[in-house]
Every structure is written in structure tokens, then in C-alpha cells.
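Take a look at the letters that make up each chain.
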Amino acid sequence: MEIRSLKFDGEVLHILDQRRLPFEFIDVPCKTEKDVWQAINKMMIRGAPAIGVAAAYGMYLGAKNLPLKKETFLKELKKIKEYLDSARPTAVNLKWATQRIYEVAEKNKDSKELKKIILQEAMAMEKEDAERNYRIGEYGSALFKDNDTIMTICNTGALATVAYGTAFSVIKRSFEKYKNIKVIALETRPYLQGARLTALELKEAHIPFHLITDNMSGFIMSKNMVNGVVVGADRIASNGDTANKIGTYTLAVLAMYHKIPFYVAAPISTIDPDIASGEEIPIEERNPDEVTHCGGKRIAPEGIKVYNPAFDITPNRLIDAIITDRGVLKKPFTESIKEILKK
Ligand code: MRU
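What you see is a predicted model; the values in this text were computed from it and never measured.

Conventions used here
Residues numbered from 1 in each chain as written. Predicted model: local features only at pLDDT ≥ 70, side-chain atom pairs only at ≥ 80, totals over all residues. Heavy atoms only, no water. 1 Å grid on protein atoms, 1.4 Å probe; cavity = no way out; pocket = protein on both sides within 12 Å on 5 of 7 lines; lining within 4 Å. Points joined across faces, edges and corners; volume = space filled by probe spheres on them. Helix = DSSP H or I, 4+ residues; strand = E, 2+ residues; numbered from the N terminus. Nonpolar A, V, L, I, M, F, W, Y, C, P; charged D, E, K, R; others polar. Domains from an automatic or database assignment.

Asker: Residue-level account of empty space enclosed by the protein, with values.
Answerer: As enumerated under the stated definition, the model contains three cavities of 30 Å³ or more in all. Roughly 180 Å³ of internal volume is contained in the largest cavity. If you trace the largest cavity, you find 23 residues lining it, with Arg46, Gly47, Ala48, Asn155 and Asp234 closest to the centre. Secondary structure elements with two or more residues in the lining of the largest cavity: helix H2 (48-63) and strand S9 (242-245). When grouped by side-chain class, the residues that make up the lining of the largest cavity number 10 nonpolar, nine polar and four charged. For the lining of the largest cavity, the two domains that each supply at least three residues are domain 1 (6-133) and domain 2 (138-342). Lining the second largest cavity are Pro49, Gly52, Val53, Asn93, Trp96, Ala97, Met125, Glu128, Asp129, Arg132 and Ser269. Among the elements of the structure, H2, helix H4 (92-107) and helix H5 (114-141) are those that each provide at least two residues to the lining of the second largest cavity.

Here it is in C-alpha cells:
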């Protein structure tokens, strides 16, 4: 079964509702930018690269009905961009994608062509995402070898992107290239992207794996059962500090203590050159119900206080390398990131 997070049919953006996985495969047809905003905000689609591409199509769906006078068009398009950007705050791919669409429209001379050009750009971004992720897999798999066990958190596979995934692409390519690759996937409380989505993708790809709860990771590492950790990213600051799913930082600290290499895998579009460090990355705080409930059932007493940050920041010193679609970046990241962005 081919797992696809989104598909544009020329008129409608079809989004696979990831909230219902792995049990139900429900198509959510998005006909307007509002539908796309809802799909991103309510996490029907999630994962940094996937929401970027969805937002690019959202820009087209909004632009489709705008008047052709260029000045008005751009003013309205900017509003659509800001609206879509507000769907989720942490993953920079969202703003990166809407900005790229906006700039393409701004540069275009012939206002009759505007809508066509926006659609072409969104389609190009979809295609590029798959190509970039494939390259991440190629570069990242060079860091592994026969018999390795790779630990990962959250979902970074085809569901979180257009195809292949980011950290998942490294895992998949390693599995294709080497003998006896195994995976340990963290369930990723509270939203359970690991248990619901990564387990589904690993199973579909026939990659041998064990699912663990997040708090088992230290013990498993202490038993020499892990050769490397690979995670995705929602935003990488220009010094390499990385925002990713809550629990990533804990995993990086544990990996350092156990002397296990810790890698971040992400396309260039996840790097935010405008921020100096992770301190500037906004962290999404989500509904407390996600913590007080599990699988729709209340598990904690009523009337209690809850923290629910959806992401954390892993400082650059805990990261051994950043695997991108343009190669593997080493420390010092401030320099290697600057160099790679020039290419
Ligand atoms: O809240 P989510 O599910 O959107 O968070 C996703 C992650 O943290 C992923 O690791 C990240 O977006 C990289 S996905 C290729």
C-alpha cells in the first residue's frame, strides 16, 4: 500500500486524515485555503515538510478566486499567506513555502499568468520535496552499516512529507543497503505519532522494529541495543539548535551520555537562517486534553494543571551531524550551515 499524505487533483487538495490512522484511511477534500488551514491546525496533516507543501497548495486555492489586478492580488495573497502561517507556529517549512509562493507571484510580470504560476510552483515544491528526501536517505545511510539498530522518535516518514520522509528516509535507505537493520521507534506521547504512524510505515516497509514507550529509551540504550539515533526537525536555527517533537531533547541527552551518535535529518527548507539560536523558535503549546487523555479516554483527575509543549529544542552541542539534501553537516554548524545555504 502506498502511503500518501496529500494529493492534488487539479481542483482539490486531498489530505489523508492522520488523526484516524492506523485504523481508518479517510480522505479530507480541501477546496479552500480555510480547509487547508483547518487540516494543518487540527493535525489532519502534520510533519514539517508535509504542512509546507499543503500550505503551498492552500495559497493556490486562495489565489484561485482573487481578482487579477496585480496590486490587489498581491495584497490579498499576503493576507492568505499570513492566515496560513498562523495554522501552526513551530515548523518553519510552513512560512518558507508560503513565502516562496508569494515571491513567485510578486516577481511575475503578466497578471493573467499569476494563478497558473502559483499552481506550477506548488507542484514543483511537491516534486522537490520527494527528491530532497530521497537524497537525505542517500547521504544519511552512509552513516550506518550492517547489523545497526536505529532509534527514532515521532513520525518522519512519507506521512510527514510528500514521499520517503526525512529521518525515515535514512532508515529506509539503510535497510535497503545493509544487512540486518533494525529500528526502535518511540511511541511519542502525547500525540502518539510513533505508535500510530511510524509503526504503520515501518510495518508497511517490512523493516524489523520494536515499539517502545518514550521512557524506555534510556534503559534500551544502556543495554547497548542502539547504534545511532536519527530524528527529524521542525526548525533548525543558524547555529544548528533544532526544534523537533517533544522528547527529542531527552533522547539527545541520553544518547550523549551513552556515547551513541545523534543525528538530525531535514531538508534545507527546515533551516531558518533568520534566527541565531533555538531560543528564538516559538514552541507550540497544545491542548491539555492530549496529556490528560489517552486514546480518547481520560487518564488523569479532573481540574489539574498540565504542560503540553509540542516541541523541544535540542542544543547544537548534543547533535553529531545534520543530514540534509545537500550533504551531511558537521560542527561547527554555524559555519557548515552558512556554507550549505550558499550552494
Ligand atoms: O507535531 P507534528 O507531528 O507535526 O511534529 C512532527 C515532527 O516533530 C517531525 O519530527 C518533524 O516535523 C520532521 S518530519 C519529516
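Asker: Describe the environment of Lys338, and please don't skip the residues or the numbers.
Answerer: With respect to the secondary-structure elements, Lys338 resides in helix H11 (residues 333-342). With 99 residues separating them along the chain, Lys338 and Asn239 place their C-alpha atoms 9.1 Å apart.

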